[in-house]
Each structure stands twice: as C-alpha cells, then as structure tokens.
Amino acid sequence: MCVLHGGDVLAHVGTLRSVYVDAYCGPPWNEDEGKADEFVARLAEDARRPGFTAAVASAGGEVLGFASGWTTPSPFPTDRCYPQAAAGLGAQRAEDWLCGAFEVDELAVRPGAHGTGVAGQLLQAVTADAPEGRSWLLTSVQAPRAMAFYHRQGWTQVTHPSPGGNGIVVFLGPDHPARHLVPPPS
C-alpha cells in the first residue's frame with residue numbers, strides 16, 4: 001500500500017485512469033471513457049485541495065485499486081453532490097459533521113481484485129489520519145453492493161433516501177464521533 005499526498009498522486013495518473021475505467025465502466029455505474037477523462041482532469045484539481053490523500057494498492061507490479069479524498073472545507077460546499085448531502089442531513093449537521101472531516105471521494109478497485117480485501121485496506125489507509133477520526137463519504141442508492149460494503153466496513157449510513165430513488169446516501173466512518181447521533185430508518 002502506497003499513501004500519497006497532494007500532487008505526488010499525479011505521477012500515477014495513467015494507471016489510476018486505467019483502474020477507474022475497469023471499476024466504473026461496468027454495472028452499476030456504466031460510465032463511458034469520457035468520464036475517466038473527466039476523473040483525470042478532476043484529479044489534477046483535487047490534488048491541490050487541503051488534506052488531499054490517496055492510497056494505491058498493488059500486487060505483482062499491477063495496480064489493483066486506489067482511494068482518494070481531502071478535508072471538506074467550511075462553509076459546506078454547494079457544488080457537485082454536496083447539496084444532496086446537505087439536504088439529507090440538514091445544513092447545520094452537514095456543517096458540523098462534515099466540514100473539517102476527511103471526505104473519501106473515490107474508491108476504485110479492478111473487478112479481478114473484488115472480494116480480496118483490497119477495497120477495505122484502501123479505505124482504511126486513506127482515512128487513517130482523518131482529523132479526530134472524522135471521515136465521511138457518499139454513494140448512490142443505485143449501488144447496493146457499494147452500500148453493503150461500507151456497512152460491512154463499519155461505516156454508518158446517516159441519510160436514508162427513498163430506496164427506489166436515484167439519491168445519494170451519506171456514510172460516517174467507524175470512528176466519526178457523530179455516527180451514533182442519527183437514528184436508524186424506521
């Protein structure tokens with residue numbers, strides 16, 4: 001496992017793009033290669049964010065997967081999927097629970113490495129230095145395998161959109177101090 005900070009990740013951009021394609025061009029994401037190009041462009045910008053950290057897992061000279069993220073700024077952002085997260089949590093909880101916490105933005109593993117523990121190791125490596133154990137992420141309700149994976153890793157789902165919808169769910173990391181403050185869905 002290799003942990004990288006800031007712009008150091010850019011030396012691996014071609015390999016990470018390849019992993020991204022393998023991880024996201026199939027179901028349930030069904031992205032095209034254009035989305036992989038967008039990921040590469042975002043990565044160059046994201047690497048400049050405060051607290052940017054990436055973890056890369058390799059075996060036998062092949063990169064199997066990666067995870068990346070950064071410290072969520074305050075005030076809580078209003079671009080990307082942030083408004084959906086704030087709507088699910090409420091503006092005050094989004095600010096209190098997510099700002100200043102480590103935000104996992106990407107977790108991608110080649111299909112051949114699924115079920116080997118690589119994803120869990122990547123998630124632990126990229127969040128190891130989360131401020132006061134505060135880490136979070138979001139995923140789609142349309143990705144039940146991803147949601148089940150995060151639950152198995154000890155992450156707590158703190159928003160509960162309609163199961164049939166296209167919404168996102170927010171998860172707090174296993175050591176996040178607010179994870180016990182939201183009641184489970186009824």
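The structure this text deals with has already been given above.
Thresholds, definitions, all that
Residues numbered from 1 in each chain as written. Predicted model: local features only at pLDDT ≥ 70, side-chain atom pairs only at ≥ 80, totals over all residues. Heavy atoms only, no water. Buried < 20%, exposed > 50% of the residue type's maximum accessible area, 1.4 Å probe, protein only. Helix = DSSP H or I, 4+ residues; strand = E, 2+ residues; numbered from the N terminus. Pairing = 2+ DSSP bridges. Contact = heavy atoms within 4.5 Å.

Undergrad: How should the pairing of strand S2 (residues 53-59) be read in this particular structure?
TA: Consecutive side chains along a regular strand alternate between the two faces of the sheet. Where burial is concerned, most of S2 is hidden: five out of the seven residues are buried. In the sheet, S2 pairs with strand S3 (residues 62-71) via seven bridges, with the strands oriented antiparallel. Counted as the bridge partner of Thr-53 is Gly-69 from S3. Connecting S2 to the antiparallel partner S3 that follows it, the hairpin turn spans two residues, and Gly-60 within it adopts a positive phi of roughly 60°.

Undergrad: Looking at this model, I keep getting lost on the side chain of Ser-135. Mind explaining?
TA: When you line up the elements, Ser-135 lands in strand S5 (residues 135-140). The residues contacting Ser-135, other than those within four sequence positions of it, are Ala-101, Phe-102, Thr-127, Ala-130, Trp-155, Phe-171, Leu-172, Gly-173 and His-176.

Undergrad: Please explain the environment of Leu-123 as it appears in this structure.
TA: Position of Leu-123 relative to the elements: it lies in helix H5 (residues 118-127). Spatially, the C-alpha atom of Leu-123 lies 20 Å from that of Cys-81, the residues being 42 residues apart in sequence. Those residues within four positions of Leu-123 in sequence are excluded, and the remaining contacts are Val-104, Leu-107, Leu-137, Phe-149, Tyr-150, Gln-153 and Trp-155.

Read these as geometric descriptors, not functional statements.
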